[in-house]
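So the chains spell out like this:
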Amino acid sequence: MNTALFGIVLSTILGLLFVFLFAILVLEQRNNGRKLPGPAWVPLVGNRRELKSDSDMRIALRRLQHKYGDIYKLYLGPSPVIVVCGYEAIREMFIKRGIEFSDRPAAILGAIILNGGKGITAVSGDTWKNQKRFILATLRNFGLGKSTLENKIHREVNLFLSEIEKQNQALFHMMSPIATSVGNVISHLVFGGHFSYDDARFKTMADAFSSFLRFVSIGSPVIFWPILRFIPGDLFGIKIITQKMQVVRGFVNELIDEHLKKFDERNIEDFIDAFISEMKKVDNRESRSIFTREYLVAIVMDLFLAGTETTSTTFTWASFYLASRPDIQNLIFDEINEHVGTERLPSIQDKQNLVYTEAFIMEVLRISSIIVLSVAHAPVTDVCIRGYRIPKGIRILPDIHSVLSDPKVWGDPENFRPGRFVSEDGKLIKPDEFIPFFTGKRNCLGASLAQMELFLFISALVQRFEIKPPEGETLDIKDVDEYVGGVHSPKPFYIRAIPRHV
Ligand code: HEM
């Protein structure tokens, strides 16, 4: 299409959309039902101004909650979105009436670029239920929560510790080594192999996923105006992201081909084998089957995307708090030294004795709140909540940060204080409001895996090394904390790892 013709088509479409939006506005105003509160919005642009009014979007979100209450409506571009804040509203909608809010909105552009909208995070209804059941059962078969997986994680822990040793007490950034390690834990489960620390394929995949997460963050206009992706050039960076995703998809397809070639029904070794085994059993003419190659590619990509950046970002935050709070790091080390010693790696069995270490991990998950706004949900049918009519399919964003930073729940949410999770008689406290993995029917599928990894990697790191800021400096939260959308990760910071036993 030449540029002039493209301009005419684009302006006609935009004109029609404008009329359509104006009609929605008029219809909404005529609606006699109780209207959800929310800021006035500008057609086409939505409430971008309100969300971007602060350098840190969490401040804007807290202000909106304060002004409009726990359930309010926003417009992101032309799309209406309902934001749900505070534990009570989240409990009411996603726990008590969880099934009614367990769909995802119709495949949005982000999910389509990632996996054709077919992976576990994007699907709804029976497809979602069947995928979730199969993935959880298969991951359990391959050791989730069992010692077989712990042995594999320990192998990765040892490689990780050697990698830290190689830094030779010089300054380094934690994200790179830990991303490879947690990526390798998923790799063991998914395809039965692992990457070396300098593997170019892994670096490409990690880079593609973190660019993707930045891109789908709440602010990208092309997500809400998909037509913008046809503008010549790559103003919104969508073409480069799509290319990167194609490279990752090619790599996943190679893995599947390798598995198909050596497939042996009597020797099912990993998730891909287990899925292929089901593919061979079911009749693929049955159109509702989830056991197709397309679904397999999408699920594998989802598991890597959902399981790598989240866990490695949390771990990177943990290394920040270790380096910036030597008092807390000493308490963790003393506990490990007392209950495990230094001759063997801490194991899952030790969890019951390493209460303060567990509390430290919970406090990192709480205060870093890496998923500020959860993945969008959608009502399965039209529903009524607190007198508000909520239409089927609308995007609902649970505001996890509003719960994890609520002063009514935590008292001093801004302070890093692991002791809040330890009772006076030394037991671990798990408040209902502790929801970094969200809650209800659609909560994180990898929560127990992530907690197992964080425990085994963090306890081993502190057992072996003293984590320190750069010589003669201190690390301050103000220098690393910002949230602009996507996963809440710290700005780059550098630390040293000093071996405790030479
Ligand atoms: C610290 C690490 C992690 C955090 C904080 C985290 C958090 C979350 C959150 C908030 C959601 C959205 C729930 C919702 O729909 O509202 C989610 C979904 C999900 N997570 Fe995690 N996650 C972590 C690690 C993992 C790992 C290791 C996996 C591994 C396999 C994983 C797999 C998934 C999947 C597949 C979903 C989609 C579930 C569904 O749609 O039913 N996550 N996670």
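All values reported here derive from a predicted model rather than from experimental measurement.

1. Focus: the environment of Ala306
By the secondary structure assignment, Ala306 is in helix H13 (residues 293-324). Note: C-alpha distance between Ala306 and Thr121 (185 residues apart in sequence) is 8.5 Å.

2. Quick notes on the sheet that holds strand E1 (residues 71-76)
On the basis of which strands lie adjacent, the open sheet formed by 3 strands has the order E1-E2-E5 and mixed pairing. A strand with exactly one partner marks an edge of an open sheet, and here the two such strands are E1 and strand E5 (395-398). In this sheet, adjacent strand axes meet at a mean angle of 30° when their direction is disregarded. Two strands pair when backbone bridges link them, and strand E2 (residues 79-84) and E5 are joined in this way by 4 bridges, in the parallel orientation. Following the sheet pairing, Val84 is matched in E5 by Pro398.

3. So, the pattern of salt bridges
With the rule as written, the count across this model stands at 23 salt bridges. The shortest N-O distance in the salt bridge between Glu363 and Arg420 comes to 3.1 Å. With Glu363 in helix H15 (residues 355-368) and Arg420 in the loop between helix H17 (407-410) and helix H18 (447-464), this pair connects stretches of sequence that are 57 residues apart. Here Glu363 falls in the buried class, since its relative accessible area comes to 0%. The closest approach of N and O atoms between Arg420 and Asp412, which form a salt bridge, is 2.9 Å. For the residue pair Arg420 and Asp412, the accessibility class agrees, reading buried in each case.

4. Structural notes on the UniProt feature "binding site: heme" (unreviewed entry) in the protein chain
The UniProt feature table records "binding site: heme" (unreviewed entry) at Cys444. By the secondary structure assignment, Cys444 is in the loop between H17 and H18.

5. Details of the site of the ligand
Neighbouring the ligand are 26 residues; Arg104, Trp128, Ser374, His377 and Cys444 lie closest to it. Note that an oxygen atom of the ligand is positioned 2.8 Å from one of the side-chain N or O atoms of Trp128. In this structure, Ala306 approaches the ligand through a main-chain N or O atom, which is 3.4 Å from a nitrogen atom. Among the elements that take part in the shell around the ligand, H13 stands out by supplying 6 residues, more than any other. Across the shell around the ligand, the residue classes break down as 15 nonpolar, 8 polar and 3 charged.

6. Examining the packing of aromatic side chains
Taken as a whole and judged by the stated rule, the model has 23 aromatic pairs. Between Phe94 and Phe438, the ring centres sit 5.2 Å apart and the planes meet at 70°, which makes this aromatic pair edge-to-face. Highlighted residues: Phe94 in helix H4 (residues 87-96) and Phe438 in the loop between H17 and H18, separated in sequence by 344 residues. Of the two residues, Phe94 and Phe438, both sit in the buried class. With 4.0 Å between their ring centres and 5° between their planes, Tyr321 and Phe416 make a pair best called stacked. Here Phe416 lies in the loop between H17 and H18 and Tyr321 lies in helix H13, a separation of 95 residues in the sequence. Judged by its relative accessible area of 9%, Phe416 is buried.

7. Thoughts on the side chain of Ser402
For Ser402, the position within the fold is in helix H16 (residues 400-404). Overall, the relative accessible area of 3% leaves Ser402 in the buried class. The contact partners of Ser402, leaving out residues within four places of it in the chain, are Arg62, Gln65, Cys85 and Gly86.

8. Re unusual backbone geometry
Of note in the backbone geometry, Asn168 takes a positive phi value of approximately 55° without being a glycine. With respect to the helices, strands and loops of the structure, Asn168 is situated in the loop between helix H7 (147-166) and helix H8 (175-191). With a phi angle near 35°, Ser369 is a residue other than glycine that sits in the positive phi range. By secondary structure assignment, the location of Ser369 is in the loop between H15 and strand E3 (383-385).

9. Observations regarding helix H12 (residues 271-281)
Here H12 lies mainly inside the structure; 8 of its 11 residues are buried. Within the sequence span of H12, burial applies to Phe271, Ile272, Asp273, Ala274, Phe275, Ile276, Ser277 and Met279. Among the residues of H12, the N-terminal cap falls to Asp270, whose side-chain oxygen and the backbone nitrogen of Ile272 are separated by 3.2 Å.

10. Focus on H15
With 14 residues, H15 extends 20 Å between its outermost C-alpha atoms, agreeing within 8% with the 20 Å of an ideal straight helix rising 1.5 Å per residue. Within H15, 14 of the 14 residues are buried, leaving the element largely enclosed by the surrounding structure. Phi turns positive, to about 35°, at Ser369, one or two residues after H15.

11. Concerning the packing of H13 against H15
With their axes 10 Å apart at the nearest point, H13 and H15 run at an angle of 110° to one another. On the basis of the axis angle, H13 is roughly perpendicular to H15. Where H13 abuts H15, its residues Thr314, Trp317, Ala318, Tyr321 and Leu322 lie against Phe360, Val364, Leu365, Ile367 and Ser368. Of the residues assigned to the contact of H13 with H15, the class counts are 8 nonpolar, 2 polar and no charged.

12. A word on the environment of Glu150
Mapped onto the secondary structure, Glu150 falls in helix H7. Remark: the alpha-carbon pair of Glu150 and Val185, spanning 35 residues in sequence, is separated by 9.9 Å. With sequence-adjacent residues up to four places away left out, Glu150 is seen in contact with Ser347, Ile348, Met452 and Leu456.

13. A look at the pairing of strand E6 (residues 465-468)
The side-chain alternation of E6 yields one buried face, formed by Phe465 and Ile467, and one unburied face, formed by Glu466 and Lys468. Two elements, E6 and strand E7 (residues 496-499), share 4 bridges in a ladder whose sense is antiparallel. Looking across to E7, one finds that Ile467 is bridged to Ala497.

14. Some points on the environment of Ile371
Tracing the chain through its elements places Ile371 in the loop between H15 and E3. Along the sequence, Ile371 and Phe437 sit 66 residues apart, while their C-alpha atoms lie 8.3 Å from each other.

15. What to know about the packing of helix H11 (residues 238-261) against H12
Two numbers describe how H11 lies on H12: the axes approach to 10 Å, and their chain directions differ by 65°. If you check the angle between H11 and H12, you find them roughly perpendicular. The two elements H11 and H12 meet at a crossing, and its hand is right-handed. Touching Leu255, Ile256, His259 and Leu260 of H11 are Ile272, Asp273 and Ile276, all from H12. For the contact of H11 with H12, the per-class residue count stands at 5 nonpolar, 1 polar and 1 charged.

Criteria and cut-off values
- Residues numbered from 1 in each chain as written.
- Predicted model: local features only at pLDDT ≥ 70, side-chain atom pairs only at ≥ 80, totals over all residues.
- Heavy atoms only, no water.
- Helix = DSSP H or I, 4+ residues; strand = E, 2+ residues; numbered from the N terminus.
- Pairing = 2+ DSSP bridges.
- Axes fitted to C-alpha atoms, helices over the stretch in contact; angles between N-to-C directions.
- Salt bridge = Lys/Arg side-chain N within 4 Å of Asp/Glu carboxyl O.
- Buried < 20%, exposed > 50% of the residue type's maximum accessible area, 1.4 Å probe, protein only.
- UniProt positions renumbered as here; feature names shortened; annotations may be inferred.
- Near = heavy atom within 4 Å.
- Polar contact = N/O pair within 3.5 Å; in protein donor to acceptor, adjacent residues only side chain to side chain.
- Nonpolar A, V, L, I, M, F, W, Y, C, P; charged D, E, K, R; others polar.
- Phe/Tyr/Trp six-rings, centres within 6.5 Å; stacked < 30°, edge-to-face > 60°.
- Contact = heavy atoms within 4.5 Å.
- Expected span 1.5 Å × (residues − 1).
- Parallel < 35°, antiparallel > 145°, perpendicular 65-115°, else oblique.
- Left-handed = near helix turned anticlockwise from the far one by under 90°.

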